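Here are the chains, one letter per residue:
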Amino acid sequence: MNIQDYSANAYEDIIHFPHHSSPNRPHMPASDRAAQFAPFAALTGYGEVIKETARRTDAAPELTEDERERLDQKLRSLLNMPGGPPELLITYFVPDERKTGGEYRRTAGRIRRIEEADGDILMTDGIRIRKDFVVDIDKKP
């Protein structure tokens, strides 16, 4: 008997049986089956490094002096509105702690105060925004 004959006929007697499933135990998902062998992984932590490398970040904003001045004037005029500062929509950049770049966020709320010493904007809900990272300020509709 040659190899081709053996491989074609090797399981002929059982090939048409239904797949066994235990009546006592639930089917294990493939991810859990793979986790059984995790202690034998050659490179511990390599998966996390790959995920972190693949995670995308945005570039930090590079506003011109004119754009910064425009935002500063807009902020001052909104803060000096009659009846107090309105509710604002602020788009700002948050640097990533692990790699270069970061992400843009948008928050709605009122400004509690601006700390001139370190350039932070403190919102009434506790959010602290670096004034240098603000990219847009609008009055909430």
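Structure's up top.
First, a word on what this report is: a plain description of the structure on this page. (Residues numbered from 1 in each chain as written. Predicted model: local features only at pLDDT ≥ 70, side-chain atom pairs only at ≥ 80, totals over all residues. Heavy atoms only, no water.)

A short note on the sheet that holds strand E6 (residues 134-139)
- Reading across from one edge, E2-E1-E6 is the order of the 3 strands in this open sheet, with antiparallel pairing throughout. Two strands close off the open sheet at either side, each with one partner strand: strand E2 (102-109) and E6. The mean angle between the axes of side-by-side strands here comes to 20 degrees, regardless of whether they run parallel or antiparallel.
- Examined bridge by bridge, strand E1 (residues 88-95) and E2 share 8 bridges and lie antiparallel to one another. Bridge pairing in E2 links Leu88 to Gly109.
- Where helix H4 (residues 65-79) meets the sheet, its contacts fall on E1 and E6, and the angle it forms with E6 comes to roughly 35 degrees. (Pairing = 2+ DSSP bridges. Helix = DSSP H or I, 4+ residues; strand = E, 2+ residues; numbered from the N terminus. Axes fitted to C-alpha atoms, helices over the stretch in contact; angles between N-to-C directions. Contact = heavy atoms within 4.5 Å.)

Description of the packing of aromatic side chains
- In the structure shown here, the tally under the stated rule is 2 aromatic pairs.
- Consider the rings of Phe93 and Phe133, whose centres lie 5.6 Å apart with planes at 70 degrees: the pair is edge-to-face. With a gap of 40 residues between them, Phe93 in strand E1 and Phe133 in the loop between strand E5 (128-130) and E6 connect regions that are remote in the sequence.
- For Phe93, a relative accessible area of 4% gives the class buried.
- Taking the relative accessible area as the measure of exposure, Phe133 reaches 16% and is therefore buried.
- Every member of this aromatic cluster is reached through a ring pair, and the members are Phe93, Tyr104 and Phe133. (Phe/Tyr/Trp six-rings, centres within 6.5 Å; stacked < 30°, edge-to-face > 60°. Buried < 20%, exposed > 50% of the residue type's maximum accessible area, 1.4 Å probe, protein only.)

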